[in-house]
Amino acid sequence: MLGSVISILVGLLMSAVLVRPLRALTRGVRAIAAGDFDQRVPASGGREIAELATGFNGMAEQLGKLQALEQELRRRDRLSALGQAAMVIAHEVRNPLGIIKTSTEVVRNRAKLGDSESKMLGYVIDEVRRIETLIRGFLDFAQPKAPVMTAFPLRNVIDRVAAIAEPELTTRKLSLLVEDKTDNAMIKGDADQLHQACLNLVLNAMDAMPEGGVILATVTGDRETVSLTIHDEGDGVPEEIRAEIFNPFFTTKAKGTGLGLAKVQSVAEAHGGRASCESPDGQGAAFTMTLPRVESGAAP
């Protein structure tokens, strides 16, 4: 009986020290092989097993970073290809559009047309101008200008947008509230490019709230970064498309170009930052630009 008891105790000890940790490692290896690089195993058992588990966790973390880097490189390759295609198409379309617009204006000004014919030619000119605006947007995205960097508080960006958008906000029964929780934290960037990116986010928030409401713009930060978050009270962004919304030409709007959020991402990356989206169920959507922080005394 004593021998049996000793055997049982030894078996339990071996199970706790070797079998369970090894089973956890086996499950972890299978998860990694299946592509789950967030898998971690407890560093338990004997010293050698614990070291093996620690090494496994470190390997999983590095594999996750490599996977993220690979996805980012693939995304940039796609963006480059799309940008080149858009640039070629835009250049090819721009010249015929100019001829159509000029010829239509000449006909309307010189020919003796009735009111209905003149109005129809006016429609043609307006649509050509709209297409030209779209083409300029494509070219700006495909060939972005290098940012002209100066140091200023990130709060300035949203204040400028709020001033410009105020009439439209009033018309749509919307209000834009600004909260700066950083005491005017400084960033170094191109004021015009950041203004356009922030304006895109505010316009998207306005479109998400056709019945009116409150748009909250919050500036937050830590010792290394400053973030501007635009939060709306709309229906939010469905989880199944959240990973695609920053891709160029992806849009859920009937008349959208799909370049608004792609431009936001492009501007954020050009400034050494990033753009992100959070959309908890039933709580609207929150789009954030996070940029490197600089000291208040930084030179322009």
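Residues numbered from 1 in each chain as written. Predicted model: local features only at pLDDT ≥ 70, side-chain atom pairs only at ≥ 80, totals over all residues. Heavy atoms only, no water.

1. Remarks on the packing of helix α4 (residues 155–171) against helix α5 (residues 191–207)
Quick note on the threshold: Note on definitions: angles span 0 to 180 degrees between N-to-C directions of axes, and those axes are lines fitted to C-alpha atoms, for helices only across the stretch in contact. Helix numbers and strand numbers start at the N terminus; a helix is a DSSP run of H or I with at least 4 residues, a strand a run of E with at least 2. For classification purposes, an angle smaller than 35 degrees is called roughly parallel, one larger than 145 roughly antiparallel, one from 65 to 115 roughly perpendicular, and anything else oblique. Left-handed describes a crossing in which the near helix is turned anticlockwise from the far one by less than a right angle; the clockwise case is right-handed. Residue contacts are defined here by distance: any two heavy atoms, one from each residue, within 4.5 Å place the two residues in contact. Each residue gets one of three labels, nonpolar for Ala, Val, Leu, Ile, Met, Phe, Trp, Tyr, Cys and Pro, charged for Asp, Glu, Lys and Arg, and polar for the others, Gly among them.
With their axes 9 Å apart at the nearest point, α4 and α5 run at an angle of 40° to one another. Here α4 lies oblique to α5, going by the angle between them. Our pair here, α4 against α5, has a crossing hand that is right-handed. Across the interface between the two elements, V157, I158, R160, V161, I164, E168 and L169 from α4 touch A191, D192, L194, H195, C198, L199, V202 and M206 from α5. Looking at side-chain class alone, the contact of α4 with α5 contains 11 nonpolar, 1 polar and 3 charged residues.

2. Section: the confidence of the model for the protein
What counts here: One number per residue, pLDDT, summarises how confident the predictor is, and it ranges from 0 to 100.
The predicted model of the protein averages 78 in pLDDT, with 72% of residues at 70 or higher. Per-element confidence in the protein ranges from a low mean pLDDT of 63 for helix α1 (residues 2–33) to a high of 93 for strand β5 (residues 225–231).

3. What to know about the environment of D38
How we decide: Partly exposed describes any residue whose relative accessible area lies between the buried limit of under 20% and the exposed limit of over 50%, with all areas from a 1.4 Å probe on protein chains only and scaled to the type maximum.
In this structure, D38 sits in the loop between α1 and α2 (47–110). Its relative accessible area of 68% is what places D38 among the exposed residues. Along the chain, D38 and A60 lie 22 residues apart, while their C-alpha atoms are 7.0 Å from each other.

4. Observations concerning α5
Every α-helical turn comprises 3.6 residues, leaving residues that sit three or four positions apart pointing alike. Where we set the bar: Helix span is expected to be 1.5 Å times the residue number reduced by one. Definition of a polar contact: a pair of N or O atoms within 3.5 Å, with one able to donate and the other able to accept a hydrogen when the atoms are protein atoms, and with sequence-neighbouring residues admitted only if both atoms are side-chain atoms.
For α5, spanning 17 residues, the distance from its first C-alpha to its last is 24 Å, which sits close to the expected 24 Å at 1.5 Å a residue. Sitting at the head of α5, D190 places a side-chain oxygen 3.0 Å from the backbone nitrogen of D192.

5. Details of α4
End to end, α4 covers 24 Å across 17 residues, agreeing with the expected 24 Å (1.5 Å per residue, within 8%). Looking only at α4, the buried set comprises V157, I158, V161, A162, A165 and L169. Where α4 is buried, its residues meet β1 (150–153), β2 (174–180), α5, β4 (213–221) and β5. Once α4 ends, the next one or two residues include K173, with phi positive near 60°.

6. Examining the pairing of strand β6 (residues 274–278)
For clarity, the threshold we go by: Whether two strands pair comes down to DSSP finding at least two bridges between them.
Of the two faces of β6, the one lined by A275 and C277 is fully buried and the one lined by R274, S276 and E278 carries no buried residue. Note that β6 and strand β7 (residues 286–294) share 5 bridges and pair antiparallel. Considered in β7, the bridge of S276 is made with T288.

7. Quick notes on the side chain of S279
Secondary-structure assignment places S279 in the loop between β6 and β7. A residue is classified by how much of its surface remains accessible, and S279, at 6% relative accessible area, is buried. At a separation of 2.8 Å, a polar atom in the side chain of S279 contacts the main-chain amide nitrogen of V237. In terms of polar contacts, S279 uses its side chain to reach the backbone carbonyl oxygen of G284, at 3.0 Å. If we skip the residues at most four places from it in the chain, S279 touches G236, V237, R242, G284 and A285.

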